[in-house]
Amino acid sequence: MTTTPPNTTQTSPASPLRELTGSSLLIVRIGTEVTNNELAQCARLFSDNYGVWGTNVAAPLRPGGRVKMTAAKLRRQCLSDPENTVLSMRFINSELVSHAFATRWYYQEHVICWVTQLVVDVNMRQRYITTSILRHITDHAWFLPASIISLVSSHPAACRAVAKLAGTVISNINLPFIQAHAQEVLDCTTVDYLKGIKLHDSLFDAATDGAVSLVDTNFYIDHGEPQATLDVYVAEGSWVLGDLLDGHEFFMITPMPTCPASLLG
């Protein structure tokens, strides 16, 4: 079987998809068209806004210090397979305020789309920008073959946005679907940072520490902001993925409405 999912935009169009509303510009590019300048802008947005290290981070990293990204590291992590990668960016007044990288690979005979990085300027959050930039990925021809959308994230808002793209709400996420497919999806991933990470939760290893769907990424970012959001969702009764543990991130895979019945059991 070919390792490249079928897509009419494998050789991508000369002009990327753009949406212009007032001073807001959205650009979606296939990975082969992402420029060095765009990578540098994304790395800077990440470094300025992604978060700070938590108390258990190992030296020489410093608790409270910003989690940094370089363009070279970003290329390795999110653009290692450019033909099967897409980048969505939103600019306001010519400044990049949000970006999302996604990649795709075959799982069995189906295509899975994985959101590999999602960053929103801290001053622009809670304005539906996350949903907007992800929606422009799922609306793009690049995404058409995908049956599943997935991500690993410490932020509950990112998980809720991905659930919305799949036509559901976070409280109705299909936990048996995650349990049935999670390990095999990870086993066939083409994303380097996902290779070898360990699932940890009640779905997979009978965890009794409040985890329901987590992976141990050994990524000790401070959880202050995502925990505050999680507390709101838990109080609403809308959260089903369990507690957020130090050094872990939520793991979510969810079928798209076009997902074949053979995958749904």
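Let me begin by describing the structure that accompanies this report. (Residues numbered from 1 in each chain as written. Predicted model: local features only at pLDDT ≥ 70, side-chain atom pairs only at ≥ 80, totals over all residues. Heavy atoms only, no water.)

Some thoughts on the overall build of the chain
Formally: Numbering of helices and strands starts at the N terminus; helices are DSSP runs of H or I of at least 4 residues and strands are runs of E of at least 2. Only protein chains enter the calculation, and the probe is 1.4 Å; a residue is then buried if its accessible area is under 20% of its type maximum, exposed if over 50%, and partly exposed in between. Only heavy atoms matter for contacts: two residues are in contact if any of them lie within 4.5 Å across the pair. Surface accessibility in these figures is a Shrake-Rupley result with a 1.4 Å probe; residues are shielded only by whichever protein chains are displayed.
The secondary structure content of the chain amounts to seven helices and nine strands. Expressed along its principal axes, the backbone C-alpha trace of the chain runs to roughly 50 × 45 × 35 Å. Evaluated residue by residue, the chain yields a buried proportion of 53% over its 265 residues. Considering only intrachain contacts with a sequence separation of at least 6, the fraction spanning at least 24 residues in the chain is 68%. Of the roughly 11,900 Å² of accessible surface on the chain, 51% is carried by carbon and sulfur atoms.

Some thoughts on the side chain of Thr116
Considering the arrangement of structural elements, one finds Thr116 in strand 5 (residues 110–120). Once residues within four sequence positions are removed from consideration, Thr116 is found in contact with Cys78, Phe101, Ala102, Thr103, Val191 and Tyr193.

Quick look at the packing of helix 3 (residues 129–138) against helix 4 (residues 156–165)
The cut-off we apply is this: Each axis is a line fitted through C-alpha atoms, and for a helix only the stretch in contact is used; angles between axes span 0 to 180 degrees, taken between their N-to-C directions. Throughout this description, any angle smaller than 35 degrees is read as roughly parallel, any larger than 145 degrees as roughly antiparallel, any in the 65 to 115 degree range as roughly perpendicular, and the remainder as oblique. Handedness of each helix crossing follows the sense of rotation of the near helix against the far helix: counterclockwise by less than a right angle gives left-handed, clockwise gives right-handed. Residues were grouped as follows: Ala, Val, Leu, Ile, Met, Phe, Trp, Tyr, Cys and Pro as nonpolar; Asp, Glu, Lys and Arg as charged; and all remaining residues, including Gly, as polar.
Viewed as axis vectors pointing N to C, helix 3 and helix 4 meet at an angle of 40°, and their least axial separation amounts to 10 Å. Considering the angle they form, helix 3 stands oblique to helix 4. Two packed elements cross with a definite hand, and for helix 3 against helix 4 that hand is right-handed. Side by side, helix 3 and helix 4 meet where Thr130, Thr131, Leu134, Arg135 and Thr138 of the first sit next to Ala161, Val162, Lys164 and Leu165 of the second. Taken together, the residues that form the contact of helix 3 with helix 4 break down as four nonpolar, three polar and two charged.

Some details on the nonpolar core
Formally: To define a nonpolar core, start from buried Ala, Val, Leu, Ile, Met, Phe, Trp, Tyr and Cys residues and group those joined through side-chain atoms within 4.5 Å.
Formed by 66 residues in total, the largest nonpolar core has its most connected members in Trp114, Leu134, Leu241, Phe251 and Met252. Of all the elements, strand 5 adds the most residues to this core, at seven residues. The contacts of Leu241, once residues within four sequence positions are left out, are Cys159, Ile170, Ile173, Leu175, Ile178, Val212, Ser213, Phe250 and Met252. Counting residues in hydrophobic clusters, the runner-up holds 21 residues, among them Val57, Cys78, Leu87 and Val119.

Some remarks on the pattern of salt bridges
Note the threshold: By convention in these notes, a salt bridge is any Lys or Arg side-chain nitrogen within 4 Å of a carboxyl oxygen on Asp or Glu.
A full pass over the atoms with the stated rule returns three salt bridges. A salt bridge links Arg160 to Glu236, with the shortest nitrogen-to-oxygen separation between them at 3.8 Å. Here the residue Arg160 occupies a position in helix 4, and Glu236 occupies one in helix 6 (residues 224–236), the gap between them amounting to 76 residues. With a closest N to O distance of 3.3 Å, Lys195 and Asp192 form a salt bridge. By relative accessible area, which is 46% here, Lys195 ends up partly exposed.

Concerning the packing of aromatic side chains
In plain terms, the rule: Geometry of aromatic contacts follows a simple scheme: Phe, Tyr and Trp rings, the Trp one being its six-membered ring, pair when their centres are within 6.5 Å, and the pair is stacked under 30 degrees between planes, edge-to-face over 60, tilted otherwise.
Here the structure, examined in full by the defined rule, presents seven aromatic pairs. Between Phe46 and Tyr50 the ring centres are 4.3 Å apart and the planes differ by 10°, which places this aromatic pair in the stacked class. Relative to Phe219, the ring of Tyr50 lies with its centre 6.2 Å away and its plane at 55°, an arrangement referred to as tilted. Of the two residues, Tyr50 is situated in the loop between helix 1 (36–49) and helix 2 (71–78) and Phe219 in the loop between strand 8 (214–216) and helix 6; the sequence distance between them amounts to 169 residues. Taken together, Phe46, Tyr50, Trp53 and Phe219 form an aromatic cluster joined through their ring pairs.

Some words on the side chain of Glu249
Let me state the cut-off plainly: Positive charges come from Lys and Arg, negative ones from Asp and Glu, while His and the chain ends are left out of the count. Any N or O atom pair separated by 3.5 Å or less is treated as a polar contact, with the protein-specific requirement of one donor-capable and one acceptor-capable atom, and with residues adjacent in sequence counted only for side-chain atom pairs.
Here Glu249 is to be found in strand 9 (residues 248–255). The side chain of Glu249 sits in the buried core without any salt bridge; Lys73 is the nearest counter-charge, 11 Å away. At 3.0 Å, the side chain of Glu249 and the side chain of Thr217 are in polar contact. The residues contacting Glu249, other than those within four sequence positions of it, are Val152, Ser153, Ser154, Ser213, Leu214, Val215, Thr217, Phe219 and Leu244.

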